[in-house]
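Residue strings, one per chain:
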Amino acid sequence: MLPNGTAYRASIEVSDSTRYDFTEAGLLGGATPLKVSDIQVTGNCTPSCQVKLATPSVFDNRMAVTFAEGNYTISYMAPLRNNKLEGAFDAPYQVKVSLPEEFDVRNPLLAGLSFGANVTRNPDNSTTVRWDKATSFDLRFYDQEREELLYLFGNFFIIIAIVLLMPHLLTMRKKG
């Protein structure tokens, strides 16, 4: 993920494949086209793989890359929206997301992680989130400003609660 949180770089390993479609999970869980850039394909054709970029058309709006059958690693850049990253796969994958030190996922009131996530805080203050054998994953992260805003709101809420409860507590004490 880029330090400013606007895009991410993904690397996908495919086996015995001739095509990879760039998609993301849609509102109802189905695959929707994903706009990507900086596509790189490496594999058993290194140093240079013969690939063809299939651009969206009237009949097929998916962006895809095609190549000779084999095992490849496909890397690309894609935009992030609303501090959320999610993915769905046809087969189980190991997913590893590295968040720069500016972002975190440890506060459950601000972050969201799909089932099976393993969160590790690294010595350089970056965070690694990993899923093993995942067919889908969902990650919502936050920055320091949002966490400070949550604490400010929480303190404000507690002060309001004390002010509203104080007259009630004082009248109960006088009666007793």
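For the structure, see preceding data.
As the structure is a computational prediction, the values presented were derived from the model and not from experiment. (Residues numbered from 1 in each chain as written. Predicted model: local features only at pLDDT ≥ 70, side-chain atom pairs only at ≥ 80, totals over all residues. Heavy atoms only, no water.)

A. Examining the pairing of strand β10 (residues 127-140) more closely. Pairing of strand β6 (residues 84-99) with β10 involves 11 bridges; the strand directions are antiparallel. Within the sheet, the bridge partner assigned to L99 lies in β10 and is T127. Bridge count between strand β8 (residues 112-113) and β10: 2 bridges; the pairing is antiparallel. Paired with G112 across the bridge in β10 is R140. Summarising the sheet, strand β9 (residues 118-121) and β10 pair through 4 bridges and their orientation is antiparallel. (Pairing = 2+ DSSP bridges. Helix = DSSP H or I, 4+ residues; strand = E, 2+ residues; numbered from the N terminus.)

B. Spotlight on the packing of aromatic side chains. As enumerated under the stated definition, the model contains 6 aromatic pairs in all. Between W131 and F137, the ring centres sit 5.2 Å apart and the planes meet at 40 degrees, which makes this aromatic pair tilted. Accessibility classification places W131 together with F137 in one group, the buried group. An aromatic cluster is defined as three or more aromatic residues linked by ring pairs; in this entry it consists of Y8, Y20, F22 and Y76. (Phe/Tyr/Trp six-rings, centres within 6.5 Å; stacked < 30°, edge-to-face > 60°. Buried < 20%, exposed > 50% of the residue type's maximum accessible area, 1.4 Å probe, protein only.)

C. Inspection of the environment of D132 at higher detail. By the element assignment, D132 lies in strand β10. Assessed through its relative accessible area of 44%, D132 is described here as partly exposed. Residues D132 and Q94 lie 38 residues apart in sequence; the distance between their C-alpha atoms is 4.6 Å. Leaving out residues up to four positions away in the same chain, D132 has contacts with Y93, Q94 and N118. Only 3.1 Å separates the side chain of D132 from the side chain of R130, close enough to count as a polar contact. (Contact = heavy atoms within 4.5 Å. Polar contact = N/O pair within 3.5 Å; in protein donor to acceptor, adjacent residues only side chain to side chain.)

D. Focus on a nonpolar patch on the surface. Among the surface-exposed residues, F153, F157, I158, I162, M166 and L170 lie close enough to one another that they form a single nonpolar patch of about 630 Å² accessible area. Position of I158 relative to the elements: it lies in helix α1 (residues 144-175). A relative accessible area of 48% places I158 in the partly exposed class. (Patch = residues over 30% accessible without salt bridge, like charges linked within 9 Å, V, L, I, M, F, W, Y side chains within 5 Å. Areas by Shrake-Rupley, 256 points an atom, 1.4 Å probe, with all protein chains shown as cover. Salt bridge = Lys/Arg side-chain N within 4 Å of Asp/Glu carboxyl O.)

E. Just the side chain of S126, in detail. With respect to the helices and strands, S126 occurs in the loop between β9 and β10. Here the side chain of S126 touches D124 through a polar contact of 2.6 Å, side chain to side chain. Setting aside chain neighbours within four positions, we find S126 in contact with L99, P100, E101, T120 and R121.

F. Layout of unusual backbone geometry. Phi at N83 is positive, roughly 55 degrees, even though this residue is not glycine. Of note, N83 is situated in the loop between β5 (63-79) and β6. Judged by relative accessible area, N83 falls into the buried class, the value being 16%.

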